[in-house]
Amino acid sequence: MTTASAPIFDKGLANTIAAESEMSFIDGQNGILEYVGIEIDTLARKSSFEEVVYLLWHRALPTRSQLDQFNTSLRKEYDLPQGMWDMVRQMPKNAKPMHALRTLVSALALYDETADDASIEGATEKALLLVAKTPTLIAAFDRHRKGKEFVKPDFSLSLAANFIKMLTGEAPTDTMAKALDVCLILHADHGLNASTFAGRVTIATLSDMYSAMTTAIGTLKGPLHGGANEAVMHLLNDIGDINNVEPVIKGRLERKEKVMGFGHRVYKAYDPRATYLKTFSKQLAEDTGNLKLYEMSHKIELIMEEAVADKGIYPNVDFYSATTYYSLGLDIDLFTPMFAMSRVSGWAGHCIEQLTDNRLIRPRLAYIGPHEQPYIPINERG
Ligand code: CMC
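Everything numeric in this text was worked out from a predicted model, so none of it was measured.

What counts as what
Residues numbered from 1 in each chain as written. Predicted model: local features only at pLDDT ≥ 70, side-chain atom pairs only at ≥ 80, totals over all residues. Heavy atoms only, no water. Axes fitted to C-alpha atoms, helices over the stretch in contact; angles between N-to-C directions. Helix = DSSP H or I, 4+ residues; strand = E, 2+ residues; numbered from the N terminus. Parallel < 35°, antiparallel > 145°, perpendicular 65-115°, else oblique. Left-handed = near helix turned anticlockwise from the far one by under 90°. Contact = heavy atoms within 4.5 Å. Nonpolar A, V, L, I, M, F, W, Y, C, P; charged D, E, K, R; others polar. Phe/Tyr/Trp six-rings, centres within 6.5 Å; stacked < 30°, edge-to-face > 60°. Buried < 20%, exposed > 50% of the residue type's maximum accessible area, 1.4 Å probe, protein only. Core = buried A, V, L, I, M, F, W, Y, C linked by side-chain atoms within 4.5 Å. Domains from an automatic or database assignment. Salt bridge = Lys/Arg side-chain N within 4 Å of Asp/Glu carboxyl O.

Caption draft 1: Broad picture of the packing of helix H4 (residues 82–90) against helix H5 (residues 97–108). Put simply, H4 and H5 touch, their axes get as near as 11 Å, and they point 155° apart. With respect to their mutual orientation, H4 and H5 come out roughly antiparallel. Between H4 and H5 lies a crossing whose hand is right-handed. Contact residues: Met-84, Met-87 and Val-88 in H4; Leu-104, Ala-107 and Leu-108 in H5. Per-class residue counts for the contact of H4 with H5 are 6 nonpolar, no polar and no charged.

Written out as structure tokens, the structure is:
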């Protein structure tokens, strides 16, 4: 007979290790993030998103021929079943892209006869399909809501370049494709963050990959998680001018309101993803005439540094991704879908890890309500 140890109460699970992973390592005190032991900065500078996905899923960088094979398999999955294109056409044009994406990813299961295959092989197959099709779903919905014809996938392009082409109708410049590729690399995986945890909880019930991704997308959407990049852009727009930065930010802090794009549950130092994005977004903002945005962001950072750095609150990945995405010409409400487009690779990798050594995830609850209450018949209740 096994004896259960006494459960401990850990609000927000901040001090609970709930799973093991070989994919990403975070040292929050020293601001380090590695994918399979390789520093994120090195990957952002030298790698491609496809290489990073391969690395996360296979725990090794691909050889040239492995990468070619991986790209071929991924690109074969870019397109959607006809029913999915038709479904996008039926969606309300004023729907928010994250609602549309959550619904569409869920709907992909309707076109997969083996959707419930939760074997490792089945899950791996679905993982590839989901990474390949998510950009197509986002771009298709955006074209639809703008009353434009769909642009079908271009199988000769990388995932990032193909996405921009499907979205805008034009092949991107190398700088644009590289900028998006870097953002995808930086967002691909990040330990047991809220959406990854949610995805692992779902797959741990031996549900299916589509359900796990749908759960994860719904969780990412919140402004305390992936939705923060959109909130940062709204904040920058509300501030409007560099001279307003100080009163707006100080006012928020005085009122104990959070400044979006700052703080992190794990990082108590500078988020290493933000380090690279900061330099990158400055360059991109200069090239695209959006320097004002970068300058406002930088001023916010300086004010926050003076006010709250002693609490370990620094810019996180979402802070400079807002300027980066805006400079790329993306609509604000596409920022969080961009995060999802990348993170689907991390979510899928975690689901496969979970299935490899599965145990139902089922924490306990501290009930704080009353006991031994009388049942009062309905017509006697006051
Ligand atoms: N602005 C001002 N104060 C803050 C901020 C912020 N962005 N973040 C935390 N604090 C303060 C907070 O008010 C609290 O102060 P006090 O101890 O005086 O009450 C203290 O820092 C601890 O904050 P917390 O909310 O208890 O910390 P947490 O670990 O539960 O939350 C967080 C982490 C990310 C939810 C939080 O920092 C936050 O809400 N940030 C803004 C939203 C954001 O940018 N989210 C994106 C996170 S990175 C991308 C991702 O992984 O999704």
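This is not the end of the story, as more comes after the structure.
Caption draft 2: Region of interest: the packing of aromatic side chains. For the coordinates displayed, the defined rule picks out 10 aromatic pairs. Judged by centre distance (5.6 Å) and plane angle (90°), the ring pair of Tyr-54 and Phe-70 falls under edge-to-face. In this pair, Tyr-54 is assigned in helix H2 (residues 49–58) and Phe-70 in helix H3 (residues 64–76), connecting sequence segments 16 residues apart. The class for Tyr-54 is buried, based on a relative accessible area of 9%. A network of ring pairs unites the aromatic residues Phe-262, Tyr-294, Phe-319 and Tyr-320 as a single cluster.

Caption draft 3: Representation of the nonpolar core in the model. By size, the foremost hydrophobic cluster in this structure holds 110 residues, and its most contacted members are Phe-163, Leu-180, Met-213 and Ile-300. Ranked by the residues each element gives to this core, the list is headed by helix H6 (residues 120–145), at 12 residues. Residue contributions to this core reach at least three from each of two domains, namely domain 1 (24–171 + 188–222 + 341–356) and domain 2 (228–327).

Caption draft 4: Structural detail: the pattern of salt bridges. Taken as a whole and judged by the stated rule, the model has 20 salt bridges. Across the salt bridge formed by Glu-125 and Lys-126, the nearest N and O atoms sit 3.8 Å from each other. According to the relative accessible area criterion, Glu-125 is exposed, its value standing at 52%. Across the pair Asp-142 and Lys-146 runs a salt bridge whose closest N-O atoms are separated by 2.9 Å. Several salt bridges converge on common partners, so that one network encompasses Asp-142, Arg-145, Lys-146, Asp-331 and Asp-333.

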